[in-house]
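Remarks on the overall topology
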Amino acid sequence: MSDRPRFALRFISGKYQGGEFPLRMNREIIIGRSSDLDMVLVEDMVSRRHAKITTTDADILIQDVGSTNGTFVNGEKISGRARLAEGDRILVGTSIIKVVAVDAQTANQSEAEARRRLEAGAARQSSSAGRPMSGVIEEIPLPDLLQLLSTSRKSGVLTIVSTGQVGKIYLRKGQLYFAAINDDFALSPQKAIYRMLTWATGTFELEPLVEMQVMEEIQESTEALLMEGVRQLDEIRNIAHHLPPPGSPLAVPTPLAGRLRDLTPSELDTFQLVLDHGQLQKVLDHFPGSDLDCAQNLVALMKREFVVVP
């Protein structure tokens, strides 16, 4: 059939999370709050007529149709028409929607059936209406999520739970102004954000903004923070195989393999932290600079056998 869908829209965050809508070829789909549209999203931040998706045999195109809060693709607010591809993420209201390859079950659904399933899913989640944006970071990595929240000028407290740790990022109209992990305020907010950007699994939830008084707010732009965070993430991944797991003990051998005066001041500070704390994670936590700088120092110290894993 010429209109058989090859792709679907999967809701990965928001009140319709878990729902899928098939994108049949050679047709237009109007998205909005009005009950007579093709895809109805009932929430305050969605306009009555919000966006239009046009499919052809070759392309999937999306355009905003004069919505109040805008339509975003991969963190960028669209003004004209934008081409969509598999893996792209769309933000409409508080719903994050991912373009995915359609599976057999969704492909065989009529649009009417897809609408009914979306409505039923939203009804099941109605008890969490006060927590409108949530999901898993395996579906939308934290850098992409923060880019979306920043560009759409969202306010709130983004809570991320990953491997037993709880991170919180505070946003005011899209600007990140504070962050903490496990309520440890000794860790600088920039360092907390950079560390959270390395988390590859876990859940997130955007809660209403609770204004927090802090001694010093983050001054860097969200874009600058994300660029630096992604750079550090790439660098850390490149050297991660040289480091033991975070909970590993570290020790200083005797006798030393070299002279302390040959170390840089930063390496000497890291050496002192190994003496004081004797565990990789604690050394990272107490190092005054970034996790990347500390990790690079540790790799250099371990290669020269100033530091060993006992």
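Scope of this entry: the structure provided in the associated data block. The written sequence of each chain sets the order in which its residues are numbered from 1. Whole-chain, interface and lining totals are the exception, using all residues; otherwise, since this is a predicted model, local features are given only for residues with pLDDT of at least 70 and side-chain atom pairs are given and counted only at 80 or more. For the side-chain quantities, the full set of heavy atoms in the structure was used; hydrogens and water were omitted.

1. Notes on the pattern of salt bridges
By convention in these notes, a salt bridge is any Lys or Arg side-chain nitrogen within 4 Å of a carboxyl oxygen on Asp or Glu. All chains considered together, the criterion is met by 16 salt bridges. Salt-bridge contacts for Arg10 lead to Glu20; the nearest nitrogen and oxygen are separated by 2.7 Å. Of this pair, Arg10 sits in strand β1 (residues 7-13) while Glu20 sits in strand β2 (residues 20-23); the two residues are 10 residues apart in sequence, bridging distant segments of the chain. Think of it in three bands: with a 1.4 Å probe and only protein chains considered, a residue is buried below 20% of the maximum accessible area for its type, exposed above 50%, and partly exposed in between. Judged by its relative accessible area of 25%, Arg10 is partly exposed. Overall, Glu20 belongs to the buried group, its relative accessible area being 15%. The numbering of helices and of strands both runs from the N terminus, where a helix is a DSSP run of H or I of at least 4 residues and a strand a run of E of at least 2.

2. Digging into the sheet that holds β2
At least two DSSP bridges between two strands are required for those strands to pair. Overall, antiparallel pairing links the 6 strands, which are arranged β2-β1-β11-β10-β7-β8 in an open sheet. The sheet terminates laterally at β2 and β8 (76-77), the two strands that pair on one side only. Relative to strand β11 (residues 95-101), β1 runs antiparallel, the two sharing 6 bridges. Bridge pairing in β11 links Ala8 to Val100.

3. Here's the deal with the layout of surface pockets
Cavity means a closed set of points on a 1 Å grid over the protein atoms alone, one where a 1.4 Å probe fits but cannot get out, pocket means an open set with protein on both sides within 12 Å along at least 5 of 7 lines, and lining means a residue has an atom within 4 Å of a point. Grid points are joined across faces, edges and corners, and a volume is the space filled by probe spheres set on the points. Taken as a whole, the largest pocket encloses approximately 580 Å³ of empty space. Around the largest pocket, the lining comprises 21 residues; the ones closest to its centre are Thr198, Ile236, Pro246, Gln281 and Leu284. Elements with a minimum of two residues in the lining of the largest pocket: α5 (222-239), α7 (280-286) and α8 (291-303). Of the residues in the lining of the largest pocket, the class split is 12 nonpolar, 6 polar and 3 charged. Residues are grouped as follows: Ala, Val, Leu, Ile, Met, Phe, Trp, Tyr, Cys and Pro are nonpolar; Asp, Glu, Lys and Arg are charged; every other residue, Gly included, is polar.

4. Thoughts on the packing of helix α3 (residues 142-151) against α5
Interaxial distance between α3 and α5 falls to 10 Å at its minimum, and their mutual angle equals 170°. Considered as vectors, α3 and α5 are oriented roughly antiparallel to each other. Of α5, the residues touching α3 (which contributes Pro143, Leu146, Gln147 and Ser150) are Thr222, Leu226 and Val230. Axis definition: a line fitted to C-alpha atoms, limited for helices to the stretch in contact. Angles are taken between N-to-C directions and run from 0 to 180 degrees. Roughly parallel here means an angle under 35 degrees, roughly antiparallel means over 145, roughly perpendicular means 65 to 115, and every remaining angle is called oblique. The criterion used for residue contact is that any of the two residues' heavy atoms lie within 4.5 Å.

5. Thoughts on the nonpolar core
Leu158, Ile160, Ile169 and Met196 are the most contacted members of the largest nonpolar core, which totals 31 residues. Of all the secondary-structure elements, those providing two or more residues to this core are α3, β13 (156-162), β14 (165-172), β15 (175-181), α4 (189-196), β16 (203-207) and α5. Top contributing element to this core by residue count: α3, with 5 residues. Excluding anything up to four places from it in sequence, Ile160 contacts Ile137, Leu142, Gln165, Val166, Gly167, Ile169, Met196, Trp199, Thr203 and Phe204. Formed by 25 residues, the second largest nonpolar core is a distinct cluster that contains Phe11, Ile31, Leu41 and Leu118. Residues enter a nonpolar core if they are buried and are Ala, Val, Leu, Ile, Met, Phe, Trp, Tyr or Cys, with the set joined through side-chain atoms within 4.5 Å.

6. Structural notes on α3
Judged by how many residues are buried, α3 sits mostly within the fold: 7 of 10 residues are covered. Restricting attention to buried positions, one finds in α3 the residues Leu142, Pro143, Leu145, Leu146, Leu148, Leu149 and Ser150. After α3 finishes, the residue Arg153 shows a positive phi value of roughly 55°.

7. A short note on the packing of aromatic side chains
How two aromatic rings sit relative to each other is given by the distance of their centres and the angle of their planes. Note on ring pairs: Phe, Tyr and Trp rings are taken, using the six-membered ring of Trp, and paired if centres are within 6.5 Å. Classes follow the plane angle, with under 30 degrees stacked, over 60 edge-to-face and the rest tilted. This model, assessed by the stated rule, comprises 5 aromatic pairs. With 6.0 Å between their ring centres and 35° between their planes, Phe178 and Phe185 make a pair best called tilted. A residue is classified by how much of its surface remains accessible, and Phe185, at 49% relative accessible area, is partly exposed. Relative to Phe306, the ring of Phe271 has its centre 6.4 Å away and its plane inclined at 90°; by these criteria the two rings are edge-to-face. Of this pair, Phe271 sits in helix α6 (residues 265-277) while Phe306 sits in the segment after α8, and the two are 35 residues apart along the sequence. A network of ring pairs unites the aromatic residues Tyr170, Tyr177, Phe178 and Phe185 as a single cluster.

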